[in-house]
Amino acid sequence: MLNGIKIIDFTRVLAGPFATMILGDLGAEIIKIEPPEGDETRYWAPFINGESVYFLSINRNKKSLTLDLKKQEHRKIIYELVKQSDVIIENFRVEVPKKLGIDYETLIKFKEDLIYCSIKGFGTGSPYEGKPAYDLLIQAMSGFMMTTGYENQPPVRASFAIFDILAGLIAANSILAALIERNKTGKGKYIEVSLYDTSIFSMSYIAMIFLLTGKEPARLGSAHPSIVPYQTFECSDKKYIAVAITNEKFWGRLCDALNLSYIKEKFKDNASRVKNREEIVKVLENKFKEKTREEWLKILSELDIPCSPVYNLSEVFNDQHVVNSGIITDVEHKKLGKIKQILFPAKFNGERQKIRLPPPILGEHNSQLIH
């Protein structure tokens, strides 16, 4: 769908490469500009035959061109590419693009209708403008880490770089919007995406609960601040089940399934259940320990009660939905042979986007791109 759109990608690590992978999945030509030593994630463990799994996860559908942008002759190559390109995306610290001669003001001299997207940790004018901003730091500063886990326990990080991923999605969406606008007006756009702003925006109702009530949200583990019960419970086999009781119909069915008629009427509305969270959760915790996860899943599913197993990753990739969905595919890597990739999740006219290029080895497309 983005066939004919050319994007020069100066990004590294995660937020930017995730954004450009999305755009590449949708058909854009992505030219990944790497320093001679490569994107730093090429050196992040674990490795398969010397290739970083981390790098392989976010760099398909891209061409790798190695350049030293401190050299004027290498900048000239960039300027020639810019003349043929639609979008520039970078995630350097604030002062770096100008030093390297790839800032917005410089590049629009070569392409007036250029769309230039800059992913920053904190953004222009922030008191933290020059501060490095890895996802851990953003999770910490957003308040996120003090709303996960349990009260009186240390802060808990999400297991993956959640705000890098979300900033990548915001960047990709913003670029697509700018491309649509350019089709109407013929004008380019300068876009800035802040990881910190993205984290505040993404906290959504958790942040809004504080803004409108003035109260810090409780740290509830897998539970929900506004719904009870809406969390996981341990079963007799030490496996966990997730239960989402979002209305009174489901509450009644759950009480019937668990033979808990004595609390069915006592806490018949969600407001009373939220108010009496501890009492209800204690009863349910004891009850779920009476049977295995599979036994409870069968009982609850037969009554159409929203529930699911809490999977580990080996269970995820053996689940029949995942196996049959086609979201996992193989692609032929120049060095590794067949490797797994997780495809773009949307389908278009019932079909998934196919991978055109595997994650590139460092400098793989130099001869193709330098004339």
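Before reading further, recall that the structure is shown in the block above.
Residues numbered from 1 in each chain as written. Predicted model: local features only at pLDDT ≥ 70, side-chain atom pairs only at ≥ 80, totals over all residues. Heavy atoms only, no water.

(A) Main features of unusual backbone geometry. Across the junction of Ala45 and Pro46, the peptide omega takes the value 0°, indicating a cis bond. Between Val228 and Pro229 the backbone carries a cis peptide bond, its omega angle lying at -10°. By secondary structure assignment, the location of Pro229 is in the loop between α9 (204–213) and β9 (230–234). Residue Asn152 is not a glycine yet carries a positive backbone phi of 65°. Within the secondary structure, Asn152 is located in the loop between α6 (135–141) and α7 (162–185). Given a relative accessible area of 77%, Asn152 falls into the exposed group. (Helix = DSSP H or I, 4+ residues; strand = E, 2+ residues; numbered from the N terminus. Buried < 20%, exposed > 50% of the residue type's maximum accessible area, 1.4 Å probe, protein only.)

(B) Seen up close, helix α8 (residues 195–202). All of the buried residues along α8 are Leu195, Tyr196, Thr198 and Ser199. Taken around the axis of α8, the buried residues stretch over an arc of 160°, which confines them to a single face. Relative to its buried face, α8 has exposed residues pointing more than 90 degrees away, namely Asp197 and Phe201. Where α8 is buried, its residues touch α1 (15–25), β7 (115–120), α6, α7 and β8 (189–194). For α8, the N-terminal cap is Ser194; the gap from its side-chain oxygen to the backbone nitrogen of Tyr196 is 3.2 Å. Backbone geometry just downstream of α8 places Ser204 in the positive-phi region, at approximately 50°. (Arc of directions from axis to C-beta. Contact = heavy atoms within 4.5 Å. Polar contact = N/O pair within 3.5 Å; in protein donor to acceptor, adjacent residues only side chain to side chain.)

(C) Molecular detail of the environment of Ala133. Following the sequence through the fold, Ala133 ends up in the loop between β7 and α6. For Ala133 and Ser272, which are 139 residues apart along the polypeptide, the C-alpha to C-alpha distance reads 42 Å. If sequence neighbours within four positions are ignored, Ala133 has contacts with Gly121, Phe122, Ile138 and Leu195.

(D) Region of interest: the sheet that holds β8. The strand order across the open sheet formed by six strands is β5-β2-β1-β6-β7-β8, and the pairing between neighbours is parallel. Each end of this open sheet is capped by a strand with a single partner; those strands are β5 (62–66) and β8. Across the sheet, the mean angle separating the axes of adjacent strands is 20° when strand polarity is ignored. Where strand β6 (residues 87–90) and β7 come together, four bridges link them in parallel fashion. Note that in β7 the partner of Ile89 across the bridge is Cys117. Packing of α7 onto the sheet brings it into contact with β6, β7 and β8, and relative to β8 it is tilted by some 165°. (Pairing = 2+ DSSP bridges. Axes fitted to C-alpha atoms, helices over the stretch in contact; angles between N-to-C directions.)

(E) Focus on the packing of aromatic side chains. Counted according to the given criterion, the structure contains 11 aromatic pairs. Ring geometry for Phe288 versus Trp296: centroids 5.2 Å apart, planes at 65°, classification edge-to-face. Owing to a relative accessible area of 0%, Phe288 belongs among the buried residues under this scheme. By relative accessible area, which is 1% here, Trp296 ends up buried. Through a chain of ring-to-ring contacts, three or more aromatic side chains come together here, namely Tyr104, Tyr116 and Tyr190. Lying across the ring of Phe55, Arg42 places its NZ or CZ 3.8 Å from the centre. Lying over the aromatic face of Trp296, Lys291 brings its terminal NZ or CZ to 5.9 Å of the ring centre. (Phe/Tyr/Trp six-rings, centres within 6.5 Å; stacked < 30°, edge-to-face > 60°. Lys NZ or Arg CZ within 6 Å of the ring centre and 35° of its normal.)

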